[in-house]
Amino acid sequence: MAELERLASELRQELGSPPDAWQQAQRARWRQGLRAPAGRSRIRGFAPWVVASLGIMAGLIWLVAARRPAGSDERWLVAEELRGPVRLDDGSTISLGPGGRGRLLADSATVRFDLHQGRASFDVVPERKRSWTIRAGKNEVRVVGTRFSVFFGSDEAFEVEVERGVVAVQVPDRNASLELKAGDHLHGHPGQLELTHDVASALPPASAAASSPAPAPRAEDVAAVPAPSARPDVSAPSALPVAPEPLAARADWQLRYREGKYAESLALVRAQGVGKHLTDLSPSALAELADAARLGGDPELAVRALALLIQRFPGAAEARDGRFMLGRVDVLRGDDAAAVEAFEGYLHSGSSGRYVSETRGRLMELYAKRGDAERARSVAQQYLQATPNGPYRRLARSLITSQP
Amino acid sequence: MPPVRQPLEPARAQPSSDATRLLLVPSEATSSEVLYERVAPVVNGMVWLYLATDPERDDIAQDILVAVVRGAASVRDPAQLEGWVARVAFNKICNLFRRRKLVRWLSLEALSGYEPPAPHVDFHGRELVARTQRILECLPVSERMAFTLHLLGNASLEEIAERCGCSERTARRRLKAARDRFTRLAKQDPVLASRVSEHTRPTGERRDG
């Protein structure tokens, strides 16, 4: 402290004791009741931080609120608490069987019902702008406009019974959706689902009850692959007279197709009877219908549409690509001979198509598969010459090097 | 020559002056005014010690007085009133320094360089005190409180420990740290540097601050 002693001494002398004048002023101020705040306002310094915090909080609240669409309805439905069917604003109804319970989420664009237990029956008013989805465990039912019921019970027992219209069912065992029509009854457990058709329970479609007859009875195992069948006679008229669908109705399935909802598009095609009026469709509509059928899980309808496209509009660009697509569908159906015919037809129609390389690759496979090594090598050489780095290059090289 | 110690709390050291002061209070004075006359010297002395050149000195003194008068009823032993008042004033000033540091850190003003409030016009020529206060602002609050008592108040180690609410050992450690910082900073000040001697402490010297 010694080094500060001089400074400390001078400081104490300079500071002194509180001056009397100051003390008297303080006393006078006290007596006058002056109670000024201790310091300058700190609000000015804190204000930016407060404003920033409020802004962040408001932003978070807005984000949370925006995630939830306005006007959405979310509630739990329990059979014991319901006095009758739950009626939505568009007239659609949901009924729960004894012990049934699930969660309903509805807004202007979608209706989703998660069935947790029991049976739920739905009477959906067709509405193009609103999509219905019913989930029962891992199963999912998409609705176009229909009356049906879904059951979900112990051991993941799952059941869908359609009374009217068409629904698309997505089950874990299948990649493609399964379309159920009026009278169809899907029931069973995961991996053991069965589909039966009951004519008596089928109601005529609400919109076409007078003109559309009930579908023919059928029973099939949904897990089974459709058996290869002969090329349908596309020129033959439909066996049952059905009134043509309006163009506006046709546009619906095309809209769903362009949205990538192939199963729903195919369901609409079936519901509206478009498949029975293929001759009314343009080349582009036929190509789209074939795509929807191929991707939606109806290869027979795809073959019919493609065959008609090639037959009626042989010069159209869609027809040329249609030959390649026809070959692909034939491969899926297991009809290799028809596939080879379609692929060769595609190559013969010109050498500048966008699927030429792919067609050669597939032809290589098919030729090799049926033991036609000479043709396989010939196509392999063409393939390697045109696309030496193509995806079939290894197969092509192996075919060439295996030459005896 | 050892430094002559001055009383830290005049009210406690000169109890006889209380009676004199109280005689000056008008007979119609309220109990608050009577209390003021008793506690004001302690508060003013503490404020003067720490905030003699501070522009907010008067307001802070009034705030402390208000708090003291409002809370005086909680003191059980009237004889301990001055000690309690000194503790309240010390804590209030300590909190003020901490709050100022926090505000300086949080305020956007820190982004553009903090400018302390302009001091009063130095009519009394307290340049040394003003410069010293500016250096003291750079010290940690706990060190500043203890070191100010020692440097300006000439308080003993026992008094410092009692006022700061810590042990003498802690008080000594704080004083040493504060003195080292203060000396280093004072040597950079052109006015204070000439008053800080180049004294080298003998090894093993025991200092009480």
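Thresholds, definitions, all that
- Residue indices begin from 1 for each chain and proceed along its sequence in written order.
- Here every chain gets a letter starting at A, and every ligand a number starting at 1, in the order they are written.
- In keeping with the model being predicted, local features are shown solely for residues with a pLDDT of at least 70 and side-chain atom pairs are shown and tallied solely at 80 or more, while totals for entire chains, interfaces and linings include all residues.
- Think of the side-chain values as coming from all heavy atoms in the structure, minus any hydrogens and water.
- Numbered from the N terminus, helices here are DSSP runs of H or I no shorter than four residues, and strands are runs of E no shorter than two.
- Think of it in three bands: residues with accessible area under 20% of the maximum for their type are buried, residues over 50% are exposed, and the middle band is partly exposed, with areas taken using a 1.4 Å probe on protein chains only.
- Should any heavy atoms of two residues lie within 4.5 Å, those residues are considered in contact.
- All accessibility values rest on the Shrake-Rupley procedure with a 1.4 Å probe; residue burial counts only the protein chains present in the view.
- Two rings from Phe, Tyr or Trp (for Trp, the six-membered ring) form a pair when their centres are within 6.5 Å of each other. A pair whose planes differ by under 30 degrees is stacked, one over 60 is edge-to-face, and the rest are tilted.
- Placement of a charge over a ring requires the Lys NZ or Arg CZ to be within 6 Å of the ring centre, with the centre-to-atom vector within 35 degrees of the ring normal.
- Should a side-chain nitrogen of Lys or Arg be within 4 Å of a carboxyl oxygen of Asp or Glu, the pair is scored as a salt bridge.
- Residues grouped as a nonpolar core are buried Ala, Val, Leu, Ile, Met, Phe, Trp, Tyr and Cys residues, joined through side-chain atoms within 4.5 Å.
- Domain boundaries shown here were taken from an automatic or database domain assignment.
- Here the term patch refers to residues with relative accessible area over 30% and no salt bridge, with like charges joined within 9 Å and nonpolar side chains (Val, Leu, Ile, Met, Phe, Trp, Tyr) within 5 Å.
- Each helix should span, by expectation, one fewer than its residue count multiplied by 1.5 Å.
- For two strands to count as paired, DSSP must find a minimum of two bridges between them.

**Section: the overall build of chain A**
When you go through chain A residue by residue, the secondary structure sums to 12 helices and 13 strands. Relative to its 404 residues, chain A shows a buried fraction of 40%. Intrachain contacts of chain A at a sequence separation of at least 6 include 46% that bridge at least 24 residues. When the accessible surface of chain A is summed, it comes to about 21,600 Å², and 54% of that surface belongs to carbon and sulfur atoms.

**Focus: the packing of aromatic side chains**
Counted under the stated rule, the structure contains 14 aromatic pairs over all chains. Ring geometry for tyrosine 50 of chain B against phenylalanine 90 of chain B: centres 6.2 Å apart, planes inclined by 75°, an arrangement best described as edge-to-face. With tyrosine 50 of chain B in helix 3 (residues 31-51) and phenylalanine 90 of chain B in helix 5 (residues 81-106), the pair connects residues that are 40 residues apart, well separated along the chain. Take tyrosine 50 of chain B: its relative accessible area is 1%, and that puts it in the buried class. For phenylalanine 90 of chain B, a relative accessible area of 4% translates into the label buried. When the ring centre of tyrosine 346 of chain A is taken as reference, the NZ or CZ atom of arginine 320 of chain A above it lies at 4.8 Å. One Lys or Arg, arginine 144 of chain B, reaches over the ring of phenylalanine 97 of chain B and ends 3.6 Å from the middle of that ring.

**Structural notes on the side chain of glutamate 288 of chain A**
Looking at the secondary structure, you find glutamate 288 of chain A in helix 6 (residues 283-296). Not counting residues within four places of it along the chain, the set of residues in contact with glutamate 288 of chain A comprises Trp253, Gln254, Tyr257 and Arg258 of chain A.

**Observations regarding the pattern of salt bridges**
Throughout the structure, instances matching the rule amount to 30 salt bridges over all chains. Residue aspartate 372 of chain A is joined to arginine 370 of chain A by a salt bridge in which the shortest nitrogen-to-oxygen separation is 3.9 Å. The partly exposed category is assigned to aspartate 372 of chain A, whose relative accessible area is 21%. Arginine 370 of chain A gets classed as partly exposed once you look at its relative accessible area, which sits at 45%. Note that arginine 38 of chain B and glutamate 82 of chain B form a salt bridge whose closest N and O atoms lie 2.7 Å from each other.

**Focus on the nonpolar core**
Ranked by size, the top nonpolar core spans 65 residues in total, and within it Tyr50, Ile93, Phe147 and Phe182 of chain B carry the most contacts. Element by element, the count of residues in this core is highest for helix 3 of chain B, at 12 residues. Each of domain 1 (1-9 + 17-120) and domain 2 (124-197 + 205-209) of chain B gives at least three residues to this core. When residues no more than four places from it in sequence are discounted, the contact partners of phenylalanine 182 of chain B are Leu4 and Leu7 of chain A together with Thr132, Ile135, Leu136, Leu139, Phe147 and Leu151 of chain B. Ranked by size, the runner-up nonpolar core spans 44 residues in total, among them Ile310, Ala339, Tyr346 and Tyr383 of chain A.

**Observations regarding the environment of leucine 96 of chain B**
All names here are of chain B. Relative to the assigned elements, leucine 96 resides in helix 5. A residue is classified by how much of its surface remains accessible, and leucine 96, at 7% relative accessible area, is buried. Separated by 45 residues in the primary sequence, leucine 96 and valine 141 place their C-alpha atoms 9.7 Å from one another. Excluding its chain neighbours within four sequence positions, the residues that come into contact with leucine 96 are Leu51 and Ile60.

**Thoughts on a nonpolar patch on the surface**
Residues and elements named next belong to chain A. Judged by side-chain polarity, Ile56, Leu60, Trp62 and Leu63 come together as a nonpolar surface patch covering roughly 470 Å² of accessible area. Mapped onto the elements, leucine 63 comes out in helix 3 (residues 43-67). Accessibility expressed as a relative area gives 47% for leucine 63, which makes it partly exposed.

**Some remarks on helix 4 (residues 57-71) of chain B**
A rise of 1.5 Å per residue sets the reference length of helix 4 of chain B, with its 15 residues, at 21 Å; its end C-alpha atoms lie 21 Å apart and thus fit the reference within 8%. Of the positions making up helix 4 of chain B, those classed as buried are Arg57, Ile60, Ala61, Gln62, Ile64, Leu65, Val66, Val68, Val69 and Gly71 of chain B. On its buried face, helix 4 of chain B sits against helix 2 (20-31) of chain A together with helix 3 and helix 5 of chain B.

**Focus on the pairing of strand 10 (residues 167-170) of chain A**
Residue and element names in this part refer to chain A. Examined bridge by bridge, strand 7 (residues 139-143) and strand 10 share 4 bridges and lie antiparallel to one another. Among the inter-strand pairings, valine 141 is bridged to a residue of strand 10, identified as valine 169. Bridging between strand 10 and strand 11 (residues 178-180) involves 3 bridges; their strand directions are antiparallel. In the strand pairing of strand 11, valine 169 is matched with leucine 178.

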